[in-house]
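One letter stands for each residue in the lines below.
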Amino acid sequence: MNKAIGIILLIIGIAMLIWTGFTYTKKEKVIDAGPLQVSANKQKSVNWPPYAGGILILGGIVLMATAKKPK
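Sequence order as written defines residue numbering, which begins from 1 separately in each chain. Per-residue local features are limited, in this predicted model, to residues with pLDDT of at least 70; the limit for side-chain atom pairs, both in listing and counting, is 80 or more; totals at the level of whole chains, interfaces and linings are taken over all residues. Only hydrogens and water are removed before side-chain values are computed, so all heavy atoms of the structure are retained for them.

*Asks:* Got a minute to help me understand the overall build of the protein in this structure?
*Replies:* Strands are runs of DSSP state E lasting at least two residues, helices are runs of H or I lasting at least four, and both sets are numbered from the N terminus onward. A count of helices and strands for the protein gives two helices and two strands. Listing each helix as α and each strand as β along the protein from the N terminus yields α-β-β-α. What you see for the protein is a C-alpha radius of gyration of 21 Å, clearly larger than the 11 Å of a compact globule of 71 residues, by over 25%. Burial here depends on accessible area, computed with a 1.4 Å probe over protein chains only, as a share of the maximum for the residue type. Under 20% is buried, over 50% is exposed, and the range in between is partly exposed. Per-residue burial for the protein yields a buried fraction of 10% across its 71 residues. Whether two residues are in contact is decided by their heavy atoms: any pair within 4.5 Å suffices. A sequence separation of at least 24 residues applies to 58% of the contacts in the protein between residues at least 6 apart. Taken as a whole, the protein presents about 5,800 Å² of accessible surface, with 66% of it coming from carbon and sulfur. Values of the radius of gyration come from C-alpha atoms, whereas the globule rule sets the reference at 2.2 Å times the count of residues to the power 0.38. All accessible areas in this document rest on Shrake-Rupley with a 1.4 Å probe, and a residue is counted as covered only by the protein chains that are shown.

Structure follows, in structure tokens:
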């Protein structure tokens, strides 16, 4: 089980090093006055520091290295 979790952490860590964030568009109502509605698209971004990916990679390597080998 530790080996599988280690591999998942390793893959997520590599992906976090390659892509340091993402943006998405959210539709928000600007005016809502009876039958009149005006909405605008707002871009939001989610970013994380590159060292977070490095920490996940190290954790994955440690879990894979300490996993018990089947007999």
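*Asks:* Help me understand helix H2 (residues 50-66) in this model?
*Replies:* Side chains three or four residues apart in an α-helix point the same way, a direct result of the helix having 3.6 residues per turn. Expected span of a helix: the number of residues minus one, times 1.5 Å. Over its 17 residues, H2 runs 25 Å from end to end, which matches the ideal 24 Å to within 8%, given 1.5 Å per residue. Where H2 is concerned, the buried positions are Gly53, Ile57 and Gly60. Considered in projection along H2, the buried side chains sweep an arc of 65° and stay on one side of the axis. Facing away from the buried side of H2 by more than 90 degrees, the exposed set consists of Tyr51, Ile55, Leu58, Val62, Ala65 and Thr66. Where the residues of H2 are buried, they touch helix H1 (2-18). Here, the arc refers to the directions that run from the helix axis to the C-beta atoms.

*Asks:* What's the story with H1 in this structure? I'm lost.
*Replies:* Here H1 spans 24 Å end to end across 17 residues, near enough to the 24 Å set by a 1.5 Å rise per residue. Of the positions making up H1, those classed as buried are Gly6, Gly13 and Met16. Along the long axis of H1, the arc covered by the buried residues comes to 90°, so they all point the same way. Opposite the buried face of H1, at more than 90 degrees from it, the exposed residues are Ile11 and Ile18. Buried residues belonging to H1 abut H2.

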